[in-house]
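Below are the chains, spelled out letter by letter.
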Amino acid sequence: MRLFFITLFLLETFSAFAQKSFSSLDALLAYTQEKSITLESNKIRLEQAQKAKLAAILGTIDPVANINGSFTDNTRLPVNLFPAEAFGGQAGTYRQVQTGVKYTTATTQNIDIKLINPAGWENLKLAEINIELTESNNQVTLKTLQENIAISYFNIIMLQEQLKSTQRNLAVADTLYQTAKNKYDLGLVKQQDVNDTKVNYLNTQENIKQIEFLIKQHYIILKTLCDIPDNEEIEIKQDIDIQTVSRPNIELNSLQISNSVLKEQYAWSNFNQTRKMSLPTLSFVASNSYQLFNTEFKMFNGNWINSNYIGLKLTFALPNATLIANRTQASYNYKLTKKSTEQAKIKADLEVKQLANDFDKASSQTSANKEIYGLRMDTYQKNKNLYSQGLMSLDQILNSFNAMVNAEYSLISSKINILLAQAKIDIHNKVK
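About the criteria used
- Residues numbered from 1 in each chain as written.
- Predicted model: local features only at pLDDT ≥ 70, side-chain atom pairs only at ≥ 80, totals over all residues.
- Heavy atoms only, no water.
- Pairing = 2+ DSSP bridges.
- Helix = DSSP H or I, 4+ residues; strand = E, 2+ residues; numbered from the N terminus.
- Axes fitted to C-alpha atoms, helices over the stretch in contact; angles between N-to-C directions.
- Parallel < 35°, antiparallel > 145°, perpendicular 65-115°, else oblique.
- Left-handed = near helix turned anticlockwise from the far one by under 90°.
- Contact = heavy atoms within 4.5 Å.
- Nonpolar A, V, L, I, M, F, W, Y, C, P; charged D, E, K, R; others polar.
- Salt bridge = Lys/Arg side-chain N within 4 Å of Asp/Glu carboxyl O.
- Buried < 20%, exposed > 50% of the residue type's maximum accessible area, 1.4 Å probe, protein only.
- Core = buried A, V, L, I, M, F, W, Y, C linked by side-chain atoms within 4.5 Å.
- Phe/Tyr/Trp six-rings, centres within 6.5 Å; stacked < 30°, edge-to-face > 60°.

**Q** Which parts of the structure should I look at to understand the pairing of strand E7 (residues 281-294)?
**A** In the case of a regular strand, side chains alternate between the two sheet surfaces. Sheet topology note: the strand E5 (residues 103-116)/E7 ladder contains 13 bridges and is antiparallel. Residue pairing in the sheet places aspartate 112 in a bridge with valine 285 of E7. Two strands pair when backbone bridges link them, and E7 and strand E8 (residues 305-315) are joined in this way by eleven bridges, in the antiparallel orientation. Bridged to alanine 286 within E8 is isoleucine 310.

**Q** Any chance you could explain the packing of helix H5 (residues 191-226) against helix H8 (residues 394-430) here in plain terms?
**A** Each packed pair of helices is defined by two parameters, the angle between the axes and the distance between the axes. Look at H5 against H8: their axes get within 10 Å of each other, and the N-to-C directions meet at 15°. Considering the angle they form, H5 stands roughly parallel to H8. The chirality of how H5 crosses H8 is right-handed. Judged by residue contacts, Asp193, Asp196, Thr197, Asn200, Thr204 and Ile211 of H5 engage Leu394, Leu398, Phe401, Asn402 and Tyr409 from H8. For the contact of H5 with H8, the per-class residue count stands at five nonpolar, four polar and two charged.

**Q** Just to check I follow, could you spell out the pattern of salt bridges for this structure?
**A** Where charged atoms of side chains with opposite charge meet at close range, the side chains can pair. Inspection of every chain in the model, using the stated rule, returns 13 salt bridges. Here aspartate 73 ties to lysine 102 by a salt bridge, and the two come within 3.1 Å at their closest N and O atoms. Separated by 29 residues along the polypeptide, aspartate 73 in strand E2 (residues 64-73) and lysine 102 in the loop between strand E4 (94-98) and E5 bring together distant segments of the chain. We classify lysine 102 as partly exposed; its relative accessible area is 28%. Between lysine 237 and glutamate 235 there is a salt bridge whose closest N-O contact spans 3.5 Å. We classify lysine 237 as partly exposed; its relative accessible area is 47%. Connected through shared salt-bridge partners, Lys143, Glu147 and Glu351 make up one network.

**Q** How should I be thinking about the nonpolar core in this particular structure?
**A** A general trend in soluble globular proteins is that nonpolar side chains are found buried together. Formed by 54 residues in total, the largest nonpolar core has its most connected members in Leu25, Ile149, Phe154, Leu222, Ile236 and Ile416. Going through the elements one at a time, helix H2 (25-35), helix H4 (118-185), H5, strand E6 (234-236), helix H7 (321-388) and H8 are the ones with two or more residues in this core. By residue number, the principal contributor to this core is H4, which donates 16 residues. Setting aside residues no more than four positions away along its own chain, leucine 222 makes contact with Leu28, Ile149, Ser152, Tyr153, Ile156, Ile234 and Ile236.

**Q** Help me out: how do you make sense of the packing of H2 against H4 in this one?
**A** Across the interface, H2 lies against H4 with an axial gap of 11 Å and an inter-helix angle of 135°. Comparing their axes, H4 and H2 come out oblique. For the crossing formed where H2 meets H4, the hand is right-handed. Of the residues in H4, those touching H2 at Leu25, Leu28, Leu29, Thr32 and Gln33 are Leu142, Gln146, Ile149, Ala150, Tyr153 and Phe154. Here the contact of H2 with H4 is composed, by residue class, of eight nonpolar, three polar and no charged.

**Q** Would you explain the packing of aromatic side chains in this entry?
**A** Each pair of aromatic rings is reported with the distance of its centres and the angle of its planes. Inspection of every chain in the model, using the stated rule, returns nine aromatic pairs. Aromatic pair phenylalanine 71 and phenylalanine 297: ring centres 5.5 Å apart, planes at 85°, arrangement edge-to-face. With a gap of 226 residues between them, phenylalanine 71 in strand E2 and phenylalanine 297 in the loop between E7 and E8 connect regions that are remote in the sequence. Note on phenylalanine 297: relative accessible area 57%, which makes it exposed. Ring geometry for tyrosine 177 versus tyrosine 201: centroids 6.4 Å apart, planes at 25°, classification stacked.

Below, the structure is given as structure tokens:
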């Protein structure tokens with residue numbers, strides 16, 4: 001028996017240790033920075049862009065080097081016609097002469113280095129812009145991720161507060177049910193009143209279960225956003241007792257503008273690259289080769305004959321259907337990114353106003369809902385007393401009960417909306 005209690009204690013201790021509790025959104029966001037696979041993937045994308053720049057640097061000269069080797073057995077040598085008089089024959093006649101050597105060994109080294117490469121230099125510029133764009137995209141992803149985490153986080157808090165409210169209301173519904181039963185036993189009300197109050201009690205009881213299901217669902221959503229494994233338990237706990245809160249200062253966030261500008265620059269550079277692909281390139285070329293000829297089967301014995309050259313090579317790439325199509329597409333992509341930049345500038349100003357409006361709206365709703373809830377609760381208490389005295393019908397008290405419940409739900413929602421609006425402003429001001 002003692003062993004059982006020790007085991008149970010160890011299991012509870014391990015469970016408590018394994019569970020992580022968060023009392024603020026900032027704590028959860030800090031934890032997500034360490035766990036998020038999305039953010040780790042962003043780091044990999046940045047490394048990929050940086051490696052691509054190294055390749056682009058090499059691509060400006062685009063060195064091409066080849067080393068070839070061969071050994072050939074000429075099983076049947078070619079025959080050529082030569083004037084017979086060269087061999088003492090009659091003039092005007094020809095003699096068949098077999099030419100070449102049966103065994104040939106050859107090795108060649110070639111190198112091609114571009115000295116003037118317009119498309120290659122534009123590709124380097126494209127790679128540099130891509131690094132900045134990747135960093136900007138990572139910040140956009142981070143901002144979006146934190147905003148989604150904030151929404152899910154405060155949805156859980158809202159449901160937790162609604163659960164507490166519904167659990168309290170369950171006791172109220174039970175009291176109302178017991179009152180109806182007592183009045184029925186005294187012959188003061190009909191069975192219908194007892195049934196209706198019991199239905200109200202059962203509905204409230206089921207609401208508790210549904211809210212618990214929703215909390216579990218939002219925990220799954222939150223863990224999915226944060227890339228937290230299923231076997232790792234987390235708990236959200238935060239006080240929502242909001243006093244008078246003033247609206248934080250909202251700064252202009254130019255993240256989307258700078259991101260759109262970088263996309264515009266990238267599209268322009270990409271368009272330039274497709275145009276420069278048809279420009280000529282000048283290359284330095286060099287070659288060095290050795291040949292060995294044998295009448296016997298010998299691959300390396302004999303006298304090697306060396307030949308080499310150096311020079312410049314000018315290459316023109318004539319436009320083809322693929323190049324023209326790519327250039328046209330790049331041109332339109334650039335035009336579209338310019339329009340996106342214009343939209344981003346408009347949205348940046350409107351986002352500040354939207355955040356301010358959301359906060360003010362939630363603050364106004366909280367003030368009104370707090371007063372409404374107080375009135376609804378007072379009405380219910382008075383109606384309950386009147387019902388106990390037999391001066392009011394059950395329908396009226398049930399309506400006032402439901403109105404009180406809905407008023408409290410609205411108050412909870414508006415309080416959470418203030419916290420969410422404040423969190424969005426914080427994220428807006430920090431992630432730039």
